[in-house]
Amino acid sequence: MTTWPSVDVVVPTRDRPELLTRTLNGILEQDYEGPVRVLVVYDQAEPDPSRESAEDRPVTVLCNSRIPGLAGARNTGILACTAELVAFCDDDDVWVPNKLRDQVTALRHHAEAEMVTCAIEVRYADRRSIRLAGRDLVTVDDLARSRMAMLHSSGFLFRRAALVDPTGLGLVAEDAPGSQNEDWDLLLRAARRHPILHVDEPLVRVLWGRSSFYAYEYATKISSLRWMMARHPEIKGCPPGAARVYGQLACWSAAAGNRTDAWKWTRETVRANWREPRAAIALAALTGAVRIERVLSALHKHGHGI
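A quick note: this is a predicted structure, and the numbers were derived from the prediction, not measured.

Engineer: Could you give an account of the overall build of the protein chain, with specific residues and numbers?
Structural biologist: Across its full length, the protein chain holds 12 helices and 10 strands. The C-alpha radius of gyration computed for the protein chain amounts to 19 Å, which stays within 12% of the reference 19 Å derived for 306 residues, consistent with globular compactness. Along the first, second and third principal axes, the C-alpha set of the protein chain runs to 60 × 40 × 35 Å. Residues counted as buried form 54% of the 306 residues belonging to the protein chain. Pairs at least 24 residues apart make up 72% of the contacts formed inside the protein chain by residues separated by at least 6 positions. Carbon and sulfur atoms make up 51% of the accessible area of the protein chain, which totals about 13,500 Å².

This is the structure in structure tokens:
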């Protein structure tokens, strides 16, 4: 008889009760035979004790007791976990019923692995796009070359022992500006230790668009990308990966109205990889031919970002 490991699911939330209800239903309705507990962590918002439940799959409500923001909320949840495995799910995303079962099955066949991810289905307005990785293992080189957006945080599943061990993988980085790119940072740190297992099926439905608190906070996007470059030399050491980040910096600088930085980062993009399309997007924005917001909206319709 197979014994399925226990799973605690950390769900940070902030002022999105209707979306949260949908998210919790997706977790509680999982086709998974092991114990599941949900920890809803309220960040910069009044907690709703009515969310508490003592059913077969209990729901516990917590307040973020660490640095305000997504990273602190996740760490509050992680430190309250007791299960063998820890999963993340954002409060505007939904798991498909076999998500946990398929990921835990993959993890059980690789005793050395500490983390498993999955592909996603992106939902933007009335459009749906499938984002696959085309592989079942993800390395540092993969993540330096590309953020790999299909490796979304709502699809992360970890061995709890790795997360809570400061000499191991460790907690989510709380010094990430605006709690942005903390998920990419965590992926890179995990991949340095062991290749990340990946189930290349769209097991999470991710909502993109204005539901994000950070969709158009350009200064924060810029700061978080520069933080990543300083923290992970592998990115700068990979010309296509560096060009990708420089191109994003150029685009966000143009959107923020900082023409000097936009020109600087556009030049850096071309130096690293003249084929990088974000250089052309930034140039178009600088000349007034297009608005970054319009480009971003068009890309989101196809499940992509800048």
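Engineer: Can you explain the side chain of Arg 57? Please cite residues and give values.
Structural biologist: By the secondary structure assignment, Arg 57 is in the loop between β2 (36-42) and β3 (59-63). The charged side chain of Arg 57 is buried without a salt bridge, its nearest counter-charge being Asp 31 at 7.0 Å. Looking at Arg 57, its side chain comes within polar contact range of the main-chain oxygen of Gln 30, at 2.9 Å.

Engineer: Describe the packing of aromatic side chains, and please don't skip the residues or the numbers.
Structural biologist: Throughout the structure, instances matching the rule amount to 6 aromatic pairs. With 5.6 Å between their ring centres and 25 degrees between their planes, Tyr 218 and Trp 252 make a pair best called stacked. Here the residue Tyr 218 occupies a position in helix α7 (residues 218-231), and Trp 252 occupies one in helix α9 (residues 239-255), the gap between them amounting to 34 residues. Since its relative accessible area comes to 9%, Tyr 218 is described here as buried. Ring geometry for Tyr 246 versus Trp 265: centroids 5.6 Å apart, planes at 20 degrees, classification stacked. With Tyr 246 in helix α9 and Trp 265 in helix α10 (residues 259-272), this residue pair connects regions lying 19 residues apart in the sequence. The pair formed by Tyr 246 and Trp 265 is uniform in burial state, with each residue classed as buried. Through successive ring pairs, a cluster of aromatic residues spans Phe 88, Phe 156 and Phe 158. If you follow Arg 108 out to its NZ or CZ, it ends over the ring of Trp 4, 4.7 Å from the centre.

Engineer: Any chance you could break down unusual backbone geometry for me, citing the residues and the numbers?
Structural biologist: Non-glycine residue Ser 179 carries a positive phi angle of around 55 degrees. As for its placement among the helices and strands, Ser 179 is situated in the loop between α5 (160-164) and α6 (182-193). Taking the relative accessible area as the measure of exposure, Ser 179 reaches 9% and is therefore buried. Its identity as a non-glycine residue notwithstanding, Asn 181 has a phi of 65 degrees, on the positive side. In this fold, Asn 181 is placed in the loop between α5 and α6. Residue Asn 181 is classed as buried on the basis of its relative accessible area, which comes to 17%.

Engineer: Which residues make up the pattern of salt bridges, and what are the values?
Structural biologist: Going through the model one piece at a time under the given rule, you end up with 19 salt bridges. For Arg 16, the salt bridge is made with Asp 92, and the minimal N-O distance between the two is 3.7 Å. You can see Arg 16 sitting in the loop between β1 (7-13) and α1 (17-28) and its partner Asp 92 sitting in the loop between β4 (85-88) and β5 (94-95), a full 76 residues away along the chain. Here Glu 293 makes a salt bridge to Arg 291, at a shortest N to O gap of 3.4 Å. Each of Arg 16, Asp 91 and Asp 92 takes part in salt bridges that share partners, so that together they form one network.

Engineer: Can you explain the nonpolar core? Please cite residues and give values.
Structural biologist: A general tendency of soluble globular proteins is for nonpolar side chains to be buried together. Judged by nonpolar contacts, the single largest core of 92 residues is most densely connected at Val 9, Phe 88 and Leu 143. With 8 residues, α9 is the largest single contributor of residues to this core.

Engineer: Please give an account of α6 that cites residues and values.
Structural biologist: Taking 1.5 Å as the rise per residue, α6 with 12 residues should run 16 Å; its terminal C-alpha atoms sit 17 Å apart, in good agreement. Judged by how many residues are buried, α6 sits mostly within the fold: 10 of 12 residues are covered. Buried within α6 we find Glu 182, Asp 183, Trp 184, Asp 185, Leu 186, Leu 187, Leu 188, Arg 189, Ala 190 and Ala 191.

Engineer: So what about the state of the cysteines? Which residues, and what values?
Structural biologist: This model, assessed by the stated rule, comprises 0 disulfides. As a non-bridged cysteine, Cys 63 has Cys 81 as the owner of its nearest cysteine sulfur, 16 Å distant. In this model Cys 89 remains outside any disulfide bridge; the closest cysteine sulfur is found in Cys 118, 9.7 Å from its own.

Engineer: Tell me about helix α11 (residues 277-286), and name the residues and values.
Structural biologist: Every buried residue of α11 is accounted for by Arg 278, Ala 279, Ala 282, Ala 285 and Leu 286. The buried residues of α11 occupy one face: seen down the axis, they fall within an arc of 125 degrees. Immediately downstream of α11, the backbone of Gly 288 shows phi near 80 degrees, a positive value.

Thresholds applied
Residues numbered from 1 in each chain as written. Predicted model: local features only at pLDDT ≥ 70, side-chain atom pairs only at ≥ 80, totals over all residues. Heavy atoms only, no water. Helix = DSSP H or I, 4+ residues; strand = E, 2+ residues; numbered from the N terminus. Rg over C-alpha atoms; globule rule 2.2 N^0.38 Å. Buried < 20%, exposed > 50% of the residue type's maximum accessible area, 1.4 Å probe, protein only. Contact = heavy atoms within 4.5 Å. Areas by Shrake-Rupley, 256 points an atom, 1.4 Å probe, with all protein chains shown as cover. Lys, Arg positive; Asp, Glu negative; His and termini not counted. Salt bridge = Lys/Arg side-chain N within 4 Å of Asp/Glu carboxyl O. Polar contact = N/O pair within 3.5 Å; in protein donor to acceptor, adjacent residues only side chain to side chain. Phe/Tyr/Trp six-rings, centres within 6.5 Å; stacked < 30°, edge-to-face > 60°. Lys NZ or Arg CZ within 6 Å of the ring centre and 35° of its normal. Core = buried A, V, L, I, M, F, W, Y, C linked by side-chain atoms within 4.5 Å. Expected span 1.5 Å × (residues − 1). Disulfide = S-S within 2.5 Å. Arc of directions from axis to C-beta.

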